[in-house]
Amino acid sequence: DGQAPGEMRLELFAIRVMPGVPQKVTVVKRGEGQLPLIAASYRAGDNSGILTLVYTETGFEEGPFLENLPAAVDSMTAGTLNNIPNELLFWGGSDGSVRVVAINQELATLITTANLGTSVPALTRGRLLGDKRSTLVAGTPEGYLFGFNEPRLSTSPDWALATGRFINDLSISEEGILALGARDGWLQVWLLSSYSSMVHKVQPGENLFAIAALYNTTAADIIGFNRLSSELIYPGQ
């Protein structure tokens, strides 16, 4: 803090050898006066696990861990739920489910969602535009986005969208914009309004049928949802 950009530099403070090949890492904030945890997943042969570490002045101290997970960890993030003071750990598995883990003296799995696809390679959380609460968003190789509205998190998603892309990564900006990185090199930026709808700005040359194909829906559904009087639309609408 307080350094000019030209004065900033990176320094390596500590190294921790994992019990397997590291896969994903995230930081989990805890209550007041407690140091944050670094949660790191690893894979050793057919076994996957999650190790938590606390960084102190003397290096890494090991926290609670999970071994022999039911699936490999493909994605990981952290956040609050149901006004719990400490953040929870969310991870997406190679079995297509998302798990919610509480961190105390041990790691305890609270919720396992329904199967969302072949795997969950992308997971993020944040406030979408216009929402007062956070949303957990999962992405799958089949191109679907699944939203879980916090703090009421259930085993089934509250909404789903088809993007048509193999979703590789997700992030929500402070402005509530969802960025999506696709396996085939595409970067999409989504503006989601409320829980299950999106905003599309009509481009020159577009018609309702082209827009419907883009979102795997029908022109009739778009007309009904937007209360249009006809199929005629205009650029910028």
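Residues numbered from 1 in each chain as written. Predicted model: local features only at pLDDT ≥ 70, side-chain atom pairs only at ≥ 80, totals over all residues. Heavy atoms only, no water.

Bringing the overall build of the protein into the picture now. A count of helices and strands for the protein gives two helices and 17 strands. When the 237 residues of the protein are sorted by exposure, 43% land in the buried category. Element-wise, carbon and sulfur atoms account for 52% of the exposed surface of the protein, whose accessible area totals about 13500 Å². Side chains of the protein give 16 positive and 24 negative charges; the mean places of these two sets differ by 4 Å. (Helix = DSSP H or I, 4+ residues; strand = E, 2+ residues; numbered from the N terminus. Buried < 20%, exposed > 50% of the residue type's maximum accessible area, 1.4 Å probe, protein only. Areas by Shrake-Rupley, 256 points an atom, 1.4 Å probe, with all protein chains shown as cover. Lys, Arg positive; Asp, Glu negative; His and termini not counted. Charge placed at Lys NZ, Arg CZ, Asp CG, Glu CD.)

Proteins that are soluble and globular tend to have nonpolar side chains buried together. If you look at the biggest cluster of nonpolar residues, it comprises 22 residues, and the most contacted ones within it are Leu145, Leu170 and Leu178. Taken together, the elements giving at least two residues each to this core come down to strand S12 (159–162), strand S13 (167–172), strand S14 (178–182), helix H1 (208–214) and helix H2 (219–226). With 16 residues, the next largest nonpolar core counts Leu37, Ala39, Leu66 and Ile103 among its residues. (Core = buried A, V, L, I, M, F, W, Y, C linked by side-chain atoms within 4.5 Å.)

This part takes up the sheet that holds strand S4 (residues 59–66). Taken in spatial order, the four strands line up as S1-S2-S3-S4 in an open sheet, and their pairing is antiparallel. With one partner strand each, in any of the chains shown, strand S1 (21–28) and S4 form the two edges of the open sheet. If you compare each strand with its neighbour and ignore which way they point, the axes differ by 30 degrees on average. In this sheet, strand S2 (residues 37–44) lies alongside S1 in antiparallel orientation, the contact comprising six bridges. Along S2, the bridge assignment pairs Val27 with Ile38. (Pairing = 2+ DSSP bridges. Axes fitted to C-alpha atoms, helices over the stretch in contact; angles between N-to-C directions.)

With that settled, the discussion passes to the pattern of salt bridges. Considering all chains together, one arrives at three salt bridges under this definition. The partner of Arg16 in a salt bridge is Glu62, with the nearest N and O atoms 2.7 Å apart. With Arg16 in the segment before S1 and Glu62 in strand S4, this pair connects stretches of sequence that are 46 residues apart. Residue Arg16 is classed as partly exposed on the basis of its relative accessible area of 30%. For Glu62, a relative accessible area of 44% puts it in the partly exposed group. Across the salt bridge formed by Asp184 and Arg165, the nearest N and O atoms sit 2.9 Å from each other. Here Asp184, found in the loop between S14 and strand S15 (187–190), pairs with Arg165, found in the loop between S12 and S13; they are 19 residues apart in sequence, far enough to count as distant. Arg165 gets classed as partly exposed once you look at its relative accessible area, which sits at 23%. (Salt bridge = Lys/Arg side-chain N within 4 Å of Asp/Glu carboxyl O.)

In this section: a nonpolar patch on the surface. On the surface, Leu12, Ile15 and Val17 cluster together to form a nonpolar patch covering roughly 390 Å² of accessible area. Topologically, Ile15 is positioned in the segment before S1. Using a relative accessible area of 67% as the deciding quantity, one classes Ile15 as exposed. (Patch = residues over 30% accessible without salt bridge, like charges linked within 9 Å, V, L, I, M, F, W, Y side chains within 5 Å.)

In this section: the sheet that holds strand S6 (residues 88–93). Strand order in the open sheet made by the four strands is S5-S6-S7-S8, with antiparallel pairing throughout. If you trace the sheet from one side to the other, it starts and ends with strand S5 (73–79) and strand S8 (107–112), each paired once. Strand-to-strand twist of the sheet, defined as the mean angle between neighbouring strand axes without regard to direction, takes the value 30 degrees.

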